Amino acid sequence: MRLVAAELVESREILPRQWLQAYHAPDLASGSRAGQFVHVRPGDYSGLILRRPFSLNTVDPATGIVTIHFRTVGRGTDWFTHLRPGDTVDMLGPLGRPFEVDPRSRHLLLIAGGLGIAGVRMLADEAVREGRKVVLLFGAASAAEVYPSSLLPDEVEYIVATDDGSLGHPGYVTDLVTEYEAWADQAFACGPGPMLAVLARLAVGRRERLGVAKLGRKKGGGRVDPPGSPAARRKSFLQVAMEQNMGCAVGACLGCVVMGVTGPPLRVCREGPVFASDEIDWEGGW
């Protein structure tokens, strides 16, 4: 975790009220992993006290450039849209736990809903760079809100669903998952809570739908990896990046908790934002 003065290089509106900004921050670009985030302080202190969390959308260690993708929803996020190249912001990161890709996985299924694309976008770059095949399923309300394919690596197979049927599959992005679950070695998702809950339920029934037999225990198979450990998360078919409002982003304020299936509530900023889908109590409130 580092505190840096990140210099804005480029800022553009890529979708209605959605912005993509590139910052020169070499200390953050080095060592960041897909799924992690930064906590950024607006420079106008007239009532904008809290930092804003943004997923690390893309990272280029060679140039030191990191990008963030966000939607303007209030004074804080709107403040960022008025920055100009050369302006600097106070950026803390990388924060949180990253996605855990099994070294043996060759086929990765990424699922994103709306702005959730920012949570999995960097993973697409990492996977392509390591020679893995990637399918990205993206869901939006309408064609006007579909993430531009030009911002994705050419190697990614990109499938779109829109709620109103104006582009791609007519319906929810979750409708498409069963078509690819047999192909995928692992799945990674980010988006609205209800979407993630549906994906978690689908992941539970995947083995039965695919007709995967439960075999007898093999030698050494009695070892259980601790829940929440990198090893346990790599074994889960589905990992999810949670989107929560945050106060401190370092685990102190407990303002971003979600309920786990065992033990105390889980802090999205510390135990997450990435979790195995079976770590979360999707029926519990938070």
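Worth saying up front: this structure is predicted, and the values here are computed from it rather than measured.

Two orientations exist for strands paired in a sheet by backbone hydrogen bonds: parallel and antiparallel. With mixed pairing, the 7 strands of this open sheet are ordered in space as β11-β10-β9-β8-β12-β13-β16. Two strands close off the open sheet at either side, each with one partner strand: β11 (169-170) and β16 (274-276). When strand β8 (residues 107-113) meets strand β12 (residues 186-190), the two strands line up parallel, connected through 5 bridges. Bridge pairing in β12 links Leu108 to Gln186. In the packing of helix α3 (residues 117-129) onto the sheet, the strands contacted are β8, β9 (133-140) and β12, and the crossing angle to β8 comes to about 160°. Contacts from helix α4 (residues 193-204) reach β8, β12 and β13 (238-241), with the element oriented near 170° to β13.

Compared with the 16 Å implied by 1.5 Å per residue over 12 residues, the 17 Å span of α4 between its first and last C-alpha is a close match. Along α4, the positions that sit buried rather than exposed are Met195, Leu196, Ala197, Leu199, Ala200, Leu202 and Ala203. Residues of α4 that are buried make contact with β8, β12, α5 (206-210) and β13.

Moving on: the side chain of Thr72. Counting through the fold element by element, Thr72 comes out in the loop between β6 (65-71) and α2 (75-81). Apart from residues no more than four positions distant in its own chain, Thr72 is found in contact with Arg17, Trp19, Thr77, Asp78 and Thr81.

Rules behind the numbers
Residues numbered from 1 in each chain as written. Predicted model: local features only at pLDDT ≥ 70, side-chain atom pairs only at ≥ 80, totals over all residues. Heavy atoms only, no water. Pairing = 2+ DSSP bridges. Helix = DSSP H or I, 4+ residues; strand = E, 2+ residues; numbered from the N terminus. Contact = heavy atoms within 4.5 Å. Axes fitted to C-alpha atoms, helices over the stretch in contact; angles between N-to-C directions. Expected span 1.5 Å × (residues − 1). Buried < 20%, exposed > 50% of the residue type's maximum accessible area, 1.4 Å probe, protein only.

Purely geometric stuff here, so don't read any function into it on its own.
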